Amino acid sequence: MELALSAEDAAFREEVRAFLKDRLPPEIAAKAGSGFRLSKDDHVRWQQILFEKGWMAPGWPVELGGTGWTAMQKHIFDEECALAGAPMVIPFGVTMVAPVIMAFGSQEQKDRYLPRILRSDDWWCQGYSEPGSGSDLASLRTKAVRDGDHYVVTGQKTWTTLAQHADMMFTLVRTDDSGKQQEGITFLLIDMKSPGITVQPITTIDGSAEINNVFLDDVRVPVANRVGEEGKGWTYAKYLLGHERTSIAAVGRSKAQLRKLKAIARAEASGNGTLIDDPDFALRLAQIEIDLLALESLVLRALYAETAGKPPGPEASFLKIKGTEVQQGLTELLVEAVGPYAAPFQPEAFRQDNWNEEPVGPDYAPALAPLYFNWRKASIYGGSNEIQKNIIAKTVLGL
Amino acid sequence: MSFAFTEDQQLLADSAARFLADKYGFDARRTVMAAENGWSREMWRAFADLGWLALPLPEAHGGLGGSTVDLAVLMEHFGRHLVVEPYLATVVLGAEAIARSGSETQQAEILPQVAEGKLTLAFAHGEPTGRFDLARIAATATRRGDGWVLSGHKAVVLHAQTADRLIVSARTSGEITDRDGIALFLVDPKVAGVTLRPYPTVDGLRAADVILDDAIVPDSAVLGEVGAALPVIEQVVDRALVALSAEAVGAMDATIALTGEYLKTRQQFGRPLASFQVLQHRMVEMLSAKEFARALCYRAAGAMDDTTGVERARAAAALKSETGRAGKRIGQDAVQLHGGMGMTDDMAVGHYFKRMTMIDVQFGNAAYHLRRFAGLS
């Protein structure tokens, strides 16, 4: 077993660091680092910088604009980006719908959408969940009825992240309800400007509105926007789940949060010293750091397996559970670290660029309780942690 | 020993349950929260009419002389409905500090007005770097002529913006962490040198930072003995810990009920979520955490009135540690069991989750009181 980074990977890490130092706009990094909400423009600006460098789509085949990196290099890249405070690349286009289009889309779809995704010309959102279909996604009921060269789509999607910015939505719709639930589902690409679409923001418990209801009322979608075959949408959606299976652990992001937590613990007074000297807090900090190390170790092991060409195992479910536990644990400790100043609700302090007042309390404080509340979503979305445990019980333990 | 409520306590519980179920629904609360001051004067008058504002105040000054158990009974119902009115700030903290340390004249001036709902108070004690340590007071009070000059910064003072009087702690002598040398002052927030920076809190209440910049108050503003206020502050805060914990227990109870209803209604995989054993066990653990916290809560409430010194402090610390832990767990699990719906502002469960989270932060979190308890053995 050889656990140190190879000389090649170490050099790659330096290259990524140099690029970030050179090209990541400091104002965007500062916003992201202090918990500010990023605007659509911030995201697009950063993604276009990545595109210019040729690093927008590390997971894609080289001939389509990918980087040809090894799994380990992709991991290094993600981690360095997170540590530098780079915005997360919005995954709906580049890592979610693109692989499905590549694998199952028509040539026309590939030619049209993939370059636009690469250049961030289109903002994509995901139309999967419905009010009655969460963990039990296959029960979805949004209906698509064939009418000549079109499908007429009616129904409601929910929890649709950043749909307010979206140009396109990839969505699962029901084209047949006569047989098995999974067999009547079709994968459609829907233009968000189509008549009959209404996007309604959902305010979440942290006071933000990043998720939406998307109502579809007799929306006409060209049959040419169907990916693959009618009734095979479930297979395509599952293919997507097997993709990028280690990034769900968000190790880089958690490392950045841990660093922030330590900085706050060094700044917060406690007794006659600071919080980082508080033995109770120090132990809890140590515990979460160990959890994160264990998580990273499993990620590295999975990356190694992927590089060695082994088929994907159930690690995605382990990584989802542990990854979200670590993320949530960190947000919990951040709230705890800041003490009574977790309470003031000052959203303008981390949502508005032009807010010139000083927040009450330390400037790192206002974003922390909302972050904690917001991050409860992590153990719910993408297949709740209970569902992940079901998967492990079935596939690993054979129960 | 008896764990049964007295007849009066049962009547209080019944009337609180009835009144709040009728007048304090989720939507009514949201309307009140969105209004300018974040709470309702009309509701406050109703609380006065029901005798709730007078409940724990001394009989000599317009109060009913209720026990801490009585107070806990009421607070538990406040927790079930997430009451946003300044009861903790005015009655539990402010009036109690005056009742424990004020002169006859001061008590006669303030307490009857509190009981009648005509005057609200705020307890301006914690400071930006004080964290949860009650003795860590940097604000200063300096003698000048017949009065005192106050300077300092008070952090996250609950309901300060609407308070008619602030109860301000400041140091008259000694170093920042000395137990001696702290005094309490009754301060009109409108006097020169007092600036408020108000804001809503993440759990739907209102608070403010209070900046004192050479605020001048007369000698008659001093509450109790100059330099000897810390024991009073500790007693007031320990009783407030019980009140807050009772509120948390009520919130836990409501949260569990809401979650149980949701599990029975929500269908996935062709059956109600409530039929999944893994979710049933989760609910059982939540319920069990609540039951233990509630048992400890009423025991500690009794200890507030029947014991003194270390024993009383231990009861308060044990309780706050337990309710902090239980509230966090129940809140997190309730959101999880509600799935995506639990993340929405339109569902009550998130509001309970946020309140329980912030109760843990108020006057010391679970970790702080666990260590405090260990130190009191």
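Note that this is a predicted model, so its numbers are computed, not measured. (Residues numbered from 1 in each chain as written. Chains lettered and ligands numbered in written order. Predicted model: local features only at pLDDT ≥ 70, side-chain atom pairs only at ≥ 80, totals over all residues. Heavy atoms only, no water.)

Asker: Would you mind going over the overall build of chain B in detail, with residue names and values included?
Answerer: Secondary structure assignment for chain B yields eleven helices and ten strands. Since a compact globule built from 377 residues should have a radius of gyration of about 21 Å, the 21 Å found for chain B is in line with a globular shape. Seen through its C-alpha atoms, chain B measures out along the principal axes to roughly 80 × 45 × 40 Å. Expressed as a percentage of its 377 residues, the buried residues of chain B come to 60%. Of the roughly 14700 Å² of accessible surface on chain B, a fraction of 53% belongs to carbon and sulfur atoms. Computing the positive centroid from 38 side-chain charges and the negative centroid from 45, chain B places the two 6 Å apart. (Helix = DSSP H or I, 4+ residues; strand = E, 2+ residues; numbered from the N terminus. Rg over C-alpha atoms; globule rule 2.2 N^0.38 Å. Buried < 20%, exposed > 50% of the residue type's maximum accessible area, 1.4 Å probe, protein only. Areas by Shrake-Rupley, 256 points an atom, 1.4 Å probe, with all protein chains shown as cover. Lys, Arg positive; Asp, Glu negative; His and termini not counted. Charge placed at Lys NZ, Arg CZ, Asp CG, Glu CD.)

Asker: How would you summarise the interface of chain A and chain B if you had to cite specific residues and measurements?
Answerer: Taken together, the 51 residues of chain A in the interface contact 42 residues of chain B. At the junction of chain A and chain B, the tally comes to six salt bridges. Notably, a salt bridge pairs Asp280(A) with Arg371(B), separated by 2.7 Å at the nearest N-O pair. For the pair chain A and chain B, the interface holds 24 residue pairs in polar contact (both at pLDDT 80 or more). Split by residue class, the side of chain A that touches chain B holds 24 nonpolar, 15 polar and twelve charged. (Contact = heavy atoms within 4.5 Å. Salt bridge = Lys/Arg side-chain N within 4 Å of Asp/Glu carboxyl O. Polar contact = N/O pair within 3.5 Å; in protein donor to acceptor, adjacent residues only side chain to side chain. Nonpolar A, V, L, I, M, F, W, Y, C, P; charged D, E, K, R; others polar.)

Asker: Go over unusual backbone geometry, please, and point to the residues and values.
Answerer: Trans peptide bonds make up most of the peptide bonds, and negative phi angles are found at most residues other than glycine. All names here are of chain A. Positive phi, close to 60 degrees, is recorded for Trp159, a residue that is not glycine. If you trace the backbone, Trp159 turns up in the loop between strand S3 (150–157) and strand S4 (168–174). Phi at Asp218 is positive, roughly 50 degrees, even though this residue is not glycine. One can find Asp218 in strand S7 (residues 211–222).

Asker: Talk me through the environment of Gln9(B); I want residue IDs and the actual numbers.
Answerer: Residues and elements named next belong to chain B. The topology assignment puts Gln9 in helix H1 (residues 7–23). On a C-alpha basis, the gap between Gln9 and Gln161 in space is 33 Å, while along the polypeptide they are 152 residues apart. If sequence neighbours within four positions are ignored, Gln9 has contacts with Ala4, Ser67, Val69, Asp70 and Val73.

Asker: Quick rundown of the packing of aromatic side chains? Include the residues and the values.
Answerer: Across all of its chains, the model carries 28 aromatic pairs over all chains by this definition. Between Trp55(A) and Trp69(A), the ring centres sit 5.2 Å apart and the planes meet at 70 degrees, which makes this aromatic pair edge-to-face. Linking Trp55(A) in the loop between helix H3 (40–53) and helix H4 (71–84) with Trp69(A) in the loop between H3 and H4, this pair joins segments that are 14 residues apart in sequence. You'll find Trp55(A) and Trp69(A) in the same group, each marked buried. A centroid spacing of 5.5 Å and a plane angle of 80 degrees characterise the contact between Tyr113(A) and Trp124(A), whose relative ring orientation is edge-to-face. Of this pair, Tyr113(A) sits in helix H6 (residues 107–118) while Trp124(A) is found in strand S1 (residues 124–127), placing the two residues eleven residues apart along the sequence. Note on accessibility: Tyr113(A) and Trp124(A) belong to one class, buried. Taken together, Phe19(B), Trp39(B), Trp44(B), Phe47(B), Trp52(B), Phe78(B) and Tyr87(B) form an aromatic cluster joined through their ring pairs. Its guanidinium or amino end placed over the ring of Trp55(A), Lys53(A) lies 4.9 Å from that ring's centre, counting from NZ or CZ. (Phe/Tyr/Trp six-rings, centres within 6.5 Å; stacked < 30°, edge-to-face > 60°. Lys NZ or Arg CZ within 6 Å of the ring centre and 35° of its normal.)

Asker: I'd like a rundown of H6(A), residues and numbers included.
Answerer: Residue and element names in this part refer to chain A. For H6, with twelve residues, the first-to-last C-alpha span of 16 Å sits near the 16 Å given by 1.5 Å per residue. Those residues of H6 that fall on the buried side of the exposure criterion are Gln109, Tyr113, Leu114, Ile117 and Leu118. Seen from one end, H6 has its buried residues packed into an arc of 130 degrees, which puts them on one side. In H6, the exposed residues that point more than 90 degrees away from the buried face are Gln107, Glu108 and Asp111. Where H6 is buried, its residues contact H3, helix H5 (91–104), S1, S4, strand S5 (185–191) and strand S8 (226–227). Of the residues flanking the end of H6, it is Ser120, one or two places downstream, whose phi is positive at about 60 degrees. (Expected span 1.5 Å × (residues − 1). Arc of directions from axis to C-beta.)

Asker: Go over empty space enclosed by the protein with me, naming the residues and quoting the values.
Answerer: Enumeration according to the criterion identifies four cavities of 30 Å³ or more in this entry. When its volume is computed, the largest cavity comes out at roughly 440 Å³. Taken together, 26 residues make up the lining of the largest cavity; nearest its centre are Pro340(A), Gly126(B), Ala155(B), Val156(B) and Phe363(B). Elements represented by at least two residues in the lining of the largest cavity include exactly strand S3 (147–158) and helix H10 (348–361) of chain B. (1 Å grid on protein atoms, 1.4 Å probe; cavity = no way out; pocket = protein on both sides within 12 Å on 5 of 7 lines; lining within 4 Å. Points joined across faces, edges and corners; volume = space filled by probe spheres on them.)

Asker: Please set out the side chain of Gln107(B) residue by residue, giving values where relevant.
Answerer: All names here are of chain B. Looking at the element boundaries, Gln107 is found in helix H6 (residues 104–115). Classification of Gln107 by relative accessible area gives buried; the value is 8%. In this structure, Gln107 is in contact with Pro58, His61, Ile98, Ala99, Gly102 and Pro112, ignoring residues within four places of it in sequence.

Asker: With reference to specific residues and values, describe the domain arrangement of chain A.
Answerer: By a widely used convention, the size of an interface equals the accessible area lost when the partners come together. Residues and elements named next belong to chain A. Domain assignment breaks chain A into domain 1 (7–89), domain 2 (124–232) and domain 3 (245–395). Put simply, the middle of domain 1 and the middle of domain 3, counted by C-alpha atoms, are 20 Å apart. At the interface, 14 residues of domain 1 touch 20 residues of domain 3. Together domain 1 and domain 3 conceal approximately 1400 Å² of surface at their shared face, both sides included; 56% is due to carbon and sulfur atoms. The interface formed by domain 1 and domain 3 holds one salt bridge in total. Between Lys255 and Glu79 there is a salt bridge, with the nearest N and O atoms lying 2.8 Å from each other. The tally of links between domain 1 and domain 3 comes to two residue pairs in polar contact (both at pLDDT 80 or more). (Domains from an automatic or database assignment. Buried area = accessible area lost by both parts, 1.4 Å probe.)

Asker: Describe in detail the packing of helix H1 (residues 7–23) of chain A against H4(A), supporting the description with residues and values.
Answerer: All names here are of chain A. Where H1 meets H4, the axes come as close as 10 Å, and the angle between the chain directions of the two elements is 35 degrees. Read as a crossing pair, H1 and H4 show a hand that is right-handed. Note on element contacts: H4 touches H1 through Met72, Gln73, Ile76, Phe77, Glu79, Glu80, Cys81 and Ala84, opposite Asp9, Phe12, Arg13, Val16, Arg17 and Leu20. Classifying every residue of the contact of H1 with H4 gives eight nonpolar, one polar and five charged. (Axes fitted to C-alpha atoms, helices over the stretch in contact; angles between N-to-C directions. Left-handed = near helix turned anticlockwise from the far one by under 90°.)

Asker: Explain the pairing of strand S6 (residues 194–200) of chain B to me, and be specific about the residues and the numbers.
Answerer: All names here are of chain B. The pairing of S6 with strand S7 (residues 206–218) spans seven bridges and is classified as antiparallel. Residue Pro198 lies in a different strand from S7, and its bridge partner there is Ala208. Here S6 folds back onto S7, and the loop between the two strands holds five residues, one of which, Gly204, carries a positive phi near 90 degrees. (Pairing = 2+ DSSP bridges.)

Asker: Summarise the environment of Gly147(B); cite the residues concerned and give the values.
Answerer: Residue and element names in this part refer to chain B. Of note, Gly147 is situated in strand S3. Linking Gly147 and Asp345, residues 198 residues apart in sequence, is a C-alpha distance of 49 Å. Those residues in contact with Gly147, other than ones at most four positions away along the chain, are Thr142, Val217, Pro218 and Asp219.

Asker: Any chance you could break down the nonpolar core for me, citing the residues and the numbers?
Answerer: The nonpolar side chains of a soluble globular protein tend to be buried with one another. In terms of nonpolar packing, the biggest core is built from 145 residues, with Phe47(B), Trp52(B), Phe78(B), Tyr87(B), Leu88(B) and Ile167(B) touching the most fellow members. No other element matches helix H7 (residues 230–265) of chain B, which puts 19 residues into this core. Residues within four places of Tyr87(B) in sequence aside, it is in contact with Trp44(B), Trp52(B), Leu53(B), Leu55(B), Pro56(B), Leu71(B), Leu74(B), Met75(B), Phe78(B) and Val92(B). Counting residues in hydrophobic clusters, the runner-up holds 65 residues, among them Ile76(A), Ile90(A), Trp124(A) and Phe170(A). (Core = buried A, V, L, I, M, F, W, Y, C linked by side-chain atoms within 4.5 Å.)

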